[in-house]
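Okay, here's what each chain looks like letter by letter:
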Amino acid sequence: MKPSDPRQLAFTVLSQVEEGGFADLSLDAALARCPGMDPRDRGLATELVYGVLRQRGRLDFALARFCSKQLSKVESRVLNLLRLGAYQVLMLDRVPAPAAVHETVELARRLGLERATGFINGILRALIRGEGQIPWPDPAADPLGHLQHGLSLPAWLARDWLRRYGAQEAAALAEAMAGQPPFCLRVNTLKGSRDQYLEMLRAAGHQAEPTVYAPEGVRLTARAAAPLPGDAAGWYQVQDEASMLIAHLLGARPGERILDACSAPGGKTTHIAALAENRAGVVALDLHPQRVRLVEEGARRLGCRGIETRAWDLTRPPAFLEPGSFDRVLVDAPCSGLGVLRRNPEIRWRRGAGDIKRMAALQGSILDNVAALVRPGGVLVYSLCTLTEAESEETLARFLARQPRFAREDLRPLTPPGWAELFDDQGALRSFPHRHGGMDAFYAVRLRRQQGD
C-alpha cells in the first residue's frame with residue numbers, strides 16, 4: 001500500500017469491517033502500517049472510513065436510484081467502492097465530484113476490478129448528474145423513511161426511536177449519531193489539575209475548553225501538529241464526558257473496597273482509583289485476558305495503585321470473592337452499544353432486535369452474580385452506553401424483582417445541581433448527544449443494598 005493512498009487504506013478497512021472487524025481497531029492498525037502518510041491523507045482516510053459507515057443508509061438510498069440492479073446483488077468489494085465514491089460526491093465539499101469518480105475508478109483498477117470500472121464510473125457519474133433529483137423522504141410526511149434513508153438508521157432502530165421519542169426528537173438524535181463525536185480527555189487528578197493541563201494544552205498550540213459536567217474533563221476544539229502533552233507521563237485518559245460521570249455516580253472513597261465487574265479497557269477503573277486518591281482497593285474483572293491486560297497497562301501509565309485484576313466470566317458466580325466484601329460495585333455491562341454509534345458506526349448495521357434481548361439476558365445474569373458481593377448498606381451502580389428500554393429499565397425491574405434487598409436511589413440529590421438535566425424523573429442518568437453538549441448516550445442507575453439482610 002502506498003503511504004499516500006488514503007482511499008485504498010479506507011477501502012481496506014471497510015473490507016475488514018465487512019468481514020467482522022471493528023472500525024477503530026482496523027483503522028488504527030492500517031494507519032500504523034503507514035507511518036509516512038501525510039497528516040491530511042490520514043485525516044481523509046479516517047473521514048472516509050467513519051463517514052461511509054455512519055452514512056451507509058443514506059449512501060445506499062442514493063446509489064439505488066442509479067444502479068440497474070439491487071445493491072444486495074452487487075459484489076461487496078464493488079459496493080464498498082461505490083459507497084466510497086458516493087460519500088465523496090455527496091458529503092465532502094473539499095473533494096471535487098469528478099475527481100472523486102476518477103480516484104474511485106483508478107482504485108478499482110489497482111484492486112484488480114477492471115471489469116467493474118465501467119459499472120462504477122457510470123453509476124457515480126449518474127449520481128453527480130442526478131443528485132438534485134434524489135427523492136429523499138420528507139421528514140414530516142414520511143418520518144420513518146427520513147430516519148432510515150436520510151439519517152442512516154437501520155429500519156428496526158428507526159421504528160423503535162420513532163415510537164419512543166416522536167419524529168422530531170428521533171430525528172435530532174439520529175442526526176447527532178451520524179456526526180462526529182467530540183474529542184474529550186479526562187485529566188488524571190493523580191498528576192495535577194484540569195486548569196494545569198489546559199495550560200499545558202494551550203502552550204503546545206492546542207485549543208481546548210473544560211467539559212460542562214465532568215469536573216476533570218477537557219474538550220479539544222482544535223488540535224495543533226504537536227502531540228498532546230503528558231502522554232507518557234500519564235496526565236490524561238481519552239474518555240467521553242458521559243463515561244467520566246459514571247465513577248462519580250459510584251462515589252468511591254479512600255479506604256473502601258470496590259469491584260469494577262466489567263472493567264476493560266479500564267477508563268472507569270482508573271478514574272475510580274483517582275477519585276479515591278489511590279487509597280482504595282479495586283478489583284477489576286473482565287471476560288478476556290487480553291482486555292484485562294489493557295486495564296493493567298492503563299493503570300501503570302496513569303500511576304494508579306491498589307488495582308487487582310483477573311479474567312472472569314461473570315455469567316458464573318465469582319466464588320473466589322467473599323460475599324458482602326465490597327463497599328461499592330460497578331457493573332458497566334456489555335451492551336448493544338447504541339449510545340456510541342458515532343464511535344462504533346458498524347454497530348448500527350450489525351445489531352438487530354434479537355441482539356437486544358440476548359444482551360438484556362446477559363446483563364441480568366451479571367447483575368445477579370455480583371449482587372451477593374455488595375455489603376449491607378453498600379452501593380451497586382449499573383451503567384450502559386445504550387438507549388434501549390430492554391437493557392435499561394426492563395433489566396433493572398427484573399433484577400429488583402429477583403433481588404428485593406436492593407432499592408434504587410435517586411441520583412439527583414447526590415450530584416451537583418448543574419447535573420439535574422442529565423437525569424430522568426426517577427433519578428437515573430440518561431445522557432443524549434443532541435441534548436447534552438454532544439456527549440455519548442449513557443444510562444446509569446444507583447442501587448443500595450438494604451441493611452440487616
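Residues numbered from 1 in each chain as written. Predicted model: local features only at pLDDT ≥ 70, side-chain atom pairs only at ≥ 80, totals over all residues. Heavy atoms only, no water.

Undergrad: Explain the UniProt feature "domain: SAM-dependent MTase RsmB/NOP-type" (unreviewed entry) in the protein to me, and be specific about the residues and the numbers.
TA: Feature annotation in UniProt places "domain: SAM-dependent MTase RsmB/NOP-type" (unreviewed entry) on residues 173-450, given in this structure's numbering. Between the C-alpha atoms that bound residues 173-450 the distance is 38 Å, and the span itself is 30% helix and 24% strand. (UniProt positions renumbered as here; feature names shortened; annotations may be inferred. Helix = DSSP H or I, 4+ residues; strand = E, 2+ residues; numbered from the N terminus.)

Undergrad: I'd like a description of the UniProt feature "active site" (unreviewed entry) in the protein, backed by residues and values.
TA: The UniProt feature table records "active site" (unreviewed entry) at Cys385. With respect to the helices, strands and loops of the structure, cysteine 385 is situated in the loop between strand 9 (374-384) and helix 16 (390-402). If near-sequence neighbours (up to four positions away) are discounted, cysteine 385 is found in contact with Cys335, Gly337, Leu338, Gly339, Val340, Ala441 and Phe442. (Contact = heavy atoms within 4.5 Å.)

Undergrad: Summarise the pattern of salt bridges; cite the residues concerned and give the values.
TA: Applying the stated criterion across every chain yields a total of 30 salt bridges. Arginine 301 is paired through a salt bridge with aspartate 231; the nearest N and O atoms lie 3.3 Å apart. Of this pair, arginine 301 sits in helix 13 (residues 289-302) while aspartate 231 sits in the loop between strand 3 (217-222) and strand 4 (236-238), and the two are 70 residues apart along the sequence. The partly exposed category is assigned to aspartate 231, whose relative accessible area is 39%. In this structure, the salt-bridge partner of aspartate 410 is arginine 412, at a minimum N-O distance of 2.8 Å. A relative accessible area of 29% means that aspartate 410 is categorised as partly exposed. Each of the salt bridges in this network shares a partner with another, and the network as a whole consists of Asp160, Arg163, Arg164 and Glu389. (Salt bridge = Lys/Arg side-chain N within 4 Å of Asp/Glu carboxyl O. Buried < 20%, exposed > 50% of the residue type's maximum accessible area, 1.4 Å probe, protein only.)

Undergrad: I'd like a description of the sheet that holds strand 2 (residues 207-210), backed by residues and values.
TA: Strand order in this open sheet of four strands is 2-3-1-4, and the pairing throughout is antiparallel. In this open sheet, the two strands that pair with only one neighbour each are strand 2 and strand 4. Strand-to-strand, the axes of this sheet are offset by a mean angle of 35°, without reference to chain direction. (Pairing = 2+ DSSP bridges. Axes fitted to C-alpha atoms, helices over the stretch in contact; angles between N-to-C directions.)

Undergrad: Any details on helix 3 (residues 39-54)? Residues and values, ideally.
TA: A rise of 1.5 Å per residue sets the reference length of helix 3, with its 16 residues, at 22 Å; its end C-alpha atoms lie 22 Å apart and thus fit the reference within 8%. Those residues of helix 3 that fall on the buried side of the exposure criterion are Leu44, Ala45, Glu47, Leu48, Val49, Tyr50, Gly51, Val52, Leu53 and Arg54. Packing partners of the buried residues in helix 3 comprise helix 1 (6-18), helix 2 (23-32), helix 4 (56-64), helix 5 (76-91) and helix 14 (347-350). Two to three positions downstream of the cap, the backbone nitrogen of arginine 40 sits 2.7 Å from a side-chain oxygen, assigning the N-cap of helix 3 to aspartate 38. (Expected span 1.5 Å × (residues − 1). Polar contact = N/O pair within 3.5 Å; in protein donor to acceptor, adjacent residues only side chain to side chain.)

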